[in-house]
Amino acid sequence: MTFLRCHGSLSPLRALSSGTRPNFRRTQRIDFAKVLALVYSTRNSSPTTPTTWVDRLPQKVQPYLYLTRIDKPIGTLLLFYPCTWSITMASYALNAPPSVPLTYIALFGTGALIMRGAGCTINDLWDRSLDTAVERTKTRPLARGDISPRQAIAFLAPQLAAGLAVLTQLNWYSIVLGASSLSLVTTYPLMKRITYWPQAVLGLAFNWGALLGWSAVAGAVHWPVAVPLYAGGVLWTLVYDSIYAHQDKADDVRVGIRSTALLFGEHTRSVLAAFSATSVGCIALAGYLNAHGAPFFLGTGLAAAQLARIVHRTDFDDRASCGMGFIACGWVGFWVWVGALGDYVWLRLTAEEESPLSIES
């Protein structure tokens, strides 16, 4: 639609009545479809429009839940899977009854949810000034000012208390072992300021469950199996968190954050391929040393195929592709667990079939 605008000192009617020709000129054409689309998109992006299930909860609790990243479960799963590996493998080694892995998987699942949230709170307290300068993180509650550092610290206290409550359900060996990982959790955010290997420190922290799960089931860590399992998990973390770091590499250079994404640069694909192969090799070695059977190695093979697919397909210069690659790495941990679980279930089924024969004999 086009509007006409009259220029001059006389209105159109007065100009016609006085014999003077009014000065009409076409104005800029207005596209009402675009205007309506803009209004609709602005209304749709309003903070009142729910974007996650957290937005449907009372407004006062939303910043605290977003602080824990509870709306993004991939972080909890990445912390949880190494726990499931060692719990299941230890149960297999000891031929423990099903109540043992079920109990500890429930405990460690709860602990992973709590401690992942606590880790995010600690991370955001360290990084609140840096997060404001990074596009992906500038809307985090502390960076945006939704809550104050004092409020975040007050929230951290019950998070750590809840984590301690879970930890105290384990034996004393495991309590001491679990508590010793807290130094890694609290210092990890500092590492990105002083080294290009913060992802390695994250790997040490995130895969502590590969040690702790075994000690919870067996009373102590069986180091010949647990060490290669832990090493495989650390290398797996280096793969997925390097992919994750590629999302922010432009902002990281500007604000002075260091990462393996910047260190590896154009060699990222080949470096992550080597890490992936070594990770799978370490996990397979742990399975071999634990006398696992075909189901375990089938699961490890599926994990290897998933890692190869991710490293091959991810575009490290595209933020969306890196985000998808990072989330897809969760399936690696899942397939390793499924393989170990398959072996354990098969062991229990065959043990039950053989038990009547042993009684008769």
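Keep in mind the model is a prediction, meaning the values are calculated, not measured.

Peer 1: I keep staring at the side chain of Ser321 and nothing clicks. Help me out?
Peer 2: Structurally, the position occupied by Ser321 is in helix 17 (residues 319-328). A residue is classified by how much of its surface remains accessible, and Ser321, at 18% relative accessible area, is buried. Those residues in contact with Ser321, other than ones at most four positions away along the chain, are Arg313, Thr314 and Asp315.

Peer 1: Just checking my understanding: could you explain the packing of helix 4 (residues 74-94) against helix 11 (residues 209-218) for this structure?
Peer 2: Pairs of packed helices are described in terms of their axes, by the angle between the two and the distance that separates them. Direction vectors running N to C along helix 4 and helix 11 enclose 35 degrees, while the axes themselves pass 7 Å from each other. Considering how the two elements wind past one another, helix 4 and helix 11 form a crossing that is right-handed. Across from Pro82, Cys83, Ser86, Ile87, Met89, Ala90, Ser91, Ala93 and Leu94 in helix 4, the residues of helix 11 making contact are Gly209, Ala210, Gly213, Trp214, Val217 and Ala218. The residue inventory of the contact of helix 4 with helix 11, partitioned by class, reads 11 nonpolar, 4 polar and no charged.

Peer 1: I would appreciate a short explanation of helix 10 (residues 198-206) in the present structure.
Peer 2: Given 3.6 residues per turn, any residue in an α-helix points the same way as the ones three and four places further on. With 7 of 9 residues buried, helix 10 is to be regarded as a mostly interior element. Those residues of helix 10 that fall on the buried side of the exposure criterion are Pro198, Gln199, Val201, Leu202, Gly203, Ala205 and Phe206.

Peer 1: Is there a simple way to think about the pattern of salt bridges in this case?
Peer 2: When their charged atoms lie close together, side chains carrying opposite charge are able to pair. Applying the stated rule across the entire model yields 11 salt bridges. When the shortest N-O distance is used, the salt bridge between Arg319 and Asp251 registers 3.9 Å. Placement of Arg319 in helix 17 and of Asp251 in helix 13 (residues 249-255) is noted, with a sequence separation of 68 residues between them. Asp251 sits in the buried class, given a relative accessible area of 11%. One network of salt bridges, in which partners are shared, links Arg69, Asp124, Asp131 and Arg140.

Peer 1: I tried to follow helix 11 on my own but got confused; where do I start?
Peer 2: Taken across its 10 residues, helix 11 has 9 buried, putting it largely inside the fold. The complete set of buried residues in helix 11 reads Gly209, Ala210, Leu211, Leu212, Gly213, Trp214, Ser215, Ala216 and Val217. Buried residues in helix 11 make contact with helix 4, helix 5 (99-131), helix 7 (149-167), helix 8 (172-179) and helix 12 (223-245).

Peer 1: Is there a simple way to explain the confidence of the model for the protein chain in this structure?
Peer 2: Detailed reading of the predicted model is not advised wherever pLDDT is low. A residue-level look at the protein chain finds 84% of positions with pLDDT of 70 or above and a mean pLDDT of 87. Residue range residues 1-30 is modelled with pLDDT below 50. Its contacts to residues more than four positions away, or to other chains, number 32 contacts. Counting contacts from residues 357-361, a segment whose pLDDT is below 50, to residues more than four positions away or on other chains yields 0 contacts.

Peer 1: Got a minute to help me understand the packing of aromatic side chains in this structure?
Peer 2: The way to describe two aromatic rings as a pair is by their centre distance and the angle between their planes. In this structure the tally under the stated criterion is 16 aromatic pairs. Between Trp85 and Trp236, the aromatic rings sit 5.4 Å apart at their centres with planes inclined by 40 degrees, giving tilted as the arrangement. Of this pair, Trp85 sits in helix 4 while Trp236 sits in helix 12, and the two are 151 residues apart along the sequence. Look at Trp85 and you get buried, because its relative accessible area is 1%.

Peer 1: I'm lost on the side chain of Gln62 in this one. Help?
Peer 2: The residue Gln62 is located in helix 3 (residues 62-67) in this model. For Gln62, the side chain forms a polar contact with the main-chain oxygen of Asp55, separated by 3.2 Å. Setting aside anything within four residues of it in sequence, one finds Gln62 in contact with Val54, Asp55 and Leu57.

Rules used in this analysis
- Residues numbered from 1 in each chain as written.
- Predicted model: local features only at pLDDT ≥ 70, side-chain atom pairs only at ≥ 80, totals over all residues.
- Heavy atoms only, no water.
- Helix = DSSP H or I, 4+ residues; strand = E, 2+ residues; numbered from the N terminus.
- Buried < 20%, exposed > 50% of the residue type's maximum accessible area, 1.4 Å probe, protein only.
- Contact = heavy atoms within 4.5 Å.
- Axes fitted to C-alpha atoms, helices over the stretch in contact; angles between N-to-C directions.
- Left-handed = near helix turned anticlockwise from the far one by under 90°.
- Nonpolar A, V, L, I, M, F, W, Y, C, P; charged D, E, K, R; others polar.
- Salt bridge = Lys/Arg side-chain N within 4 Å of Asp/Glu carboxyl O.
- pLDDT = per-residue confidence, 0-100.
- Phe/Tyr/Trp six-rings, centres within 6.5 Å; stacked < 30°, edge-to-face > 60°.
- Polar contact = N/O pair within 3.5 Å; in protein donor to acceptor, adjacent residues only side chain to side chain.

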